[in-house]
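Listed below, chain by chain, are the residues.
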Amino acid sequence: MAFISDLLKNIKPSPTLAITAKANELKAAGKNIIGLAAGEPDFETPENIRIAAKKAIDGGQTRYTAVDGTAELKKAIVDKFKRENGIEYTTANVTAGTGGKQVLYNALMATLNKGDEVIIPAPYWVSYPDMVELGGGTPVFIQCGEENGFKVKAEQLKKAITPKTKWLILNSPSNPTGAAYTKDELKALSDVLLENPHVYIMSDDIYEHVNYDGFKFYTIVQVEPKLKDRTLTVNGVSKAYCMTGWRLGYAAGPVELIKAMSILQSQSTSNPSSITQAAAVEALNGPQDFIPKHNEAFVRRRNLLVAGLRKIPGLTCYNPEGAFYVFPGCKGVYGKKTPAGKVINNDNDFAAYLLEDYLLAVVPGVAFGAPDFFRISYATSDEILVKALERIGEAVSKLI
């Protein structure tokens, strides 16, 4: 009798976490590794948020809370959606979990039946397809090429929808590309969705505040309020507030869905950390002035990378509107050989070459459903990025 379930046999470990773990192993072994795989800001959690957490500990807020968030946290989330997105919710529409990943997982587990289809524009965040399969659903991918700015078009969405479609997952700004949807682009998608009332929308807005060059962020319910009753708008404190390790994600959506997600969470993790919830209240309600300062650094780093990568023969690089990733194309180096005689046939080969020969950890595009590309996180210092560019440039120059 097999010990591991058949369902789990089809699920892969997160590629980004696996590559980061490998890089950390090499670093622990004394290797001069540059790790650009993890999507984690290098800034410290702002002081006011850390102080709020300490006060929560000293004030005895160390007990179980309501399964999907304290009343105080839910009010802060309701206020955030009204203040920043112009969307009215009540606390009954809100849930909080142990990171945005759990919130997404809860929603899919609570709604999918065998055979339900979930439309996922590619490139996509690595966990979406596996979550769908764990829920018994079927991922349906729409290829969104660099020529389309890595964004799904209305006509593509229309063709992909079938009677079995349950969800559309939208991520803007995107991991891994940094592409972000404009108001007009979201309106065009909304028009298709209005014609298909059986399709629910999962809007992953985790990088909402990480955008550049005057880009105006919109979430889809903000653009088309008629979609509110079938949209789950997901966000969290990990990225903009530099709280990755604190593990707090949240969402707002239809009451029926929120209740179902809470039931599921009650039988898995139960409540997020009480300390983290207190810190998240301060994050959402407190000063936001550090966010533009962080974004200034991200813009500088993005510009450094994009300009540097475009100078390397065989590589291309889209200029992202948000998040903290670039997604360069590497098809131009295919067919060439490394100094050891290995042929670069695909993005996996190229990423392996960078790691093994130049101690540089990046994530191959195939992990995001987009072969021929690779992802670099620029949530690190300018100095490290300069060294990374030097290593990539030298690695490509040595190919025969």
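That block above? That's the structure.
Every value quoted in this text rests on a predicted model; they were computed, and no experiment measured them.

Draft legend 1. How the structure looks around the sheet that holds strand 6 (residues 200-204). Pairing is mixed in the open sheet, where seven strands are placed in the order 2-8-7-6-5-3-4. Whereas interior strands pair on both sides, the edge strands pair on one side only; in this sheet they are strand 2 (94-97) and strand 4 (138-143). Within the sheet, the average angular offset between the axes of one strand and its neighbour, ignoring direction, is 20 degrees. Taken together, the four bridges between strand 2 and strand 8 (residues 249-252) define a ladder with antiparallel strand orientation.

Draft legend 2. Region of the structure containing the pairing of strand 6. Across the five residues of strand 6, four count as buried, placing the element largely inside the fold. Where strand 5 (residues 165-171) meets strand 6, five bridges bridge the pair, whose relative direction is parallel. Each bridged residue has a counterpart across the sheet, and for Ile169 the counterpart in strand 6 is Met202. This β-α-β element, strand 5 to helix 8 (residues 183-194) to strand 6, shows right-handed connectivity. Where strand 6 meets strand 7 (residues 231-236), four bridges bridge the pair, whose relative direction is parallel. The residue of strand 7 that forms the bridge with Ile201 is Thr231.

Draft legend 3. View of the environment of Ser262. When you line up the elements, Ser262 lands in helix 10 (residues 255-266). With sequence-adjacent residues up to four places away left out, Ser262 is seen in contact with Val67 and Asp68.

Draft legend 4. Examining the sheet that holds strand 12 (residues 374-377) more closely. The strand order across the open sheet formed by three strands is 9-12-11, and the pairing between neighbours is antiparallel. Strand pairing shows two members of the sheet lacking a second neighbour, strand 9 (325-326) and strand 11 (363-364), which therefore form its edges. Bridge count for strand 9 against strand 12 is two bridges, and the pairing is antiparallel. Across the sheet, Val326 pairs through a bridge with Ile376, a residue of strand 12.

Draft legend 5. Molecular detail of helix 10. Compared with an ideal rise of 1.5 Å per residue, which puts twelve residues at 16 Å, helix 10 spans 16 Å between its outermost C-alpha atoms and is within 8% of the ideal. Within helix 10, the full set of buried residues consists of Leu257, Ile258, Met261, Ser262 and Gln265. The buried residues of helix 10 occupy an angular sector of 140 degrees when the element is viewed end-on, so they sit on one face. Helix 10 presents Glu256, Lys259 and Ile263 as exposed residues on the side facing more than 90 degrees away from its buried surface.

Draft legend 6. View of the pattern of salt bridges. One pass over the structure, following the stated rule, counts 16 salt bridges. Linking Lys158 and Glu195 is a salt bridge whose minimum nitrogen-to-oxygen distance equals 3.8 Å. A residue pair is termed long-range when its members are at least 10 positions apart, and Lys158 in helix 7 (residues 154-160) and Glu195 in the loop between helix 8 and strand 6 qualify at 37 residues. Ionic pairing is found between Asp213 and Arg302, a salt bridge with its closest N-O pair at 2.8 Å. Of the two residues, Asp213 is situated in the loop between strand 6 and helix 9 (220-223) and Arg302 in helix 12 (residues 290-310); the sequence distance between them amounts to 89 residues. Judged by relative accessible area, which is 2%, Arg302 ranks as buried.

Draft legend 7. Spatial organisation of the packing of aromatic side chains. On inspection of all chains with the given rule, the structure shows 19 aromatic pairs. Each ring, one from Trp125 and one from Tyr128, has its centre 5.3 Å from the other, and the planes form 80 degrees; the classification is edge-to-face. Under the relative-accessibility criterion, Tyr128 is labelled buried at 3%. Centroid distance Phe150 to Phe373: 5.5 Å. Interplanar angle 80 degrees. Geometry classified as edge-to-face. Highlighted residues: Phe150 in the loop between strand 4 and helix 7 and Phe373 in the loop between strand 11 and strand 12, separated in sequence by 223 residues. Phe373 sits in the buried class, given a relative accessible area of 14%. Members of the aromatic cluster, joined through ring pairs, are Phe43, Tyr207, Phe298, Phe324, Tyr325 and Tyr378. One cation-aromatic arrangement involves Lys80 over Phe81; the distance from NZ or CZ to the ring centre is 5.2 Å. For Lys228, the ring lying beneath its charged end belongs to Tyr89, and the centroid distance is 5.0 Å.

About the thresholds
- Every chain is numbered independently, its residues counted from 1 as its sequence is written.
- Totals for whole chains, interfaces and linings use every residue, but because this is a predicted model, local features are given only for residues with pLDDT of at least 70 and side-chain atom pairs only at 80 or more, for both listing and counting.
- The side-chain values count all of the structure's non-hydrogen atoms but skip hydrogen atoms and water molecules.
- When DSSP finds at least two bridges between two strands, those strands are taken to pair.
- Think of it this way: any DSSP run of H or I at least four residues long counts as a helix, any run of E at least two long counts as a strand, and we number them from the N terminus.
- Between N-to-C directions, angles span 0 to 180 degrees; the directions come from axes that are lines fitted to C-alpha atoms, helices contributing only their stretch in contact.
- Three labels apply to residues, based on accessible area from a 1.4 Å probe with only protein chains included: buried if under 20% of the type maximum, exposed if over 50%, partly exposed otherwise in between.
- Whether a crossover is right-handed depends on one test, that the path from the first strand over the helix to the second runs clockwise when the strands point away from the viewer.
- A contact between two residues is defined here by any heavy atoms of the two lying within 4.5 Å.
- A helix is expected to reach a length of 1.5 Å times the quantity of its residues less one.
- The arc under discussion is defined with respect to the helix axis, by the directions toward the C-beta atoms.
- Salt bridges are identified by distance alone: a Lys or Arg side-chain nitrogen within 4 Å of an Asp or Glu carboxyl oxygen.
- Side-chain rings of Phe, Tyr and Trp, where Trp is taken by its six-membered ring, are said to pair if the distance between their centres is within 6.5 Å; with planes under 30 degrees apart they count as stacked, over 60 as edge-to-face, and otherwise as tilted.
- Note on geometry: a ring has a charge over it if NZ (lysine) or CZ (arginine) is within 6 Å of the ring centre and within 35 degrees of the ring normal.

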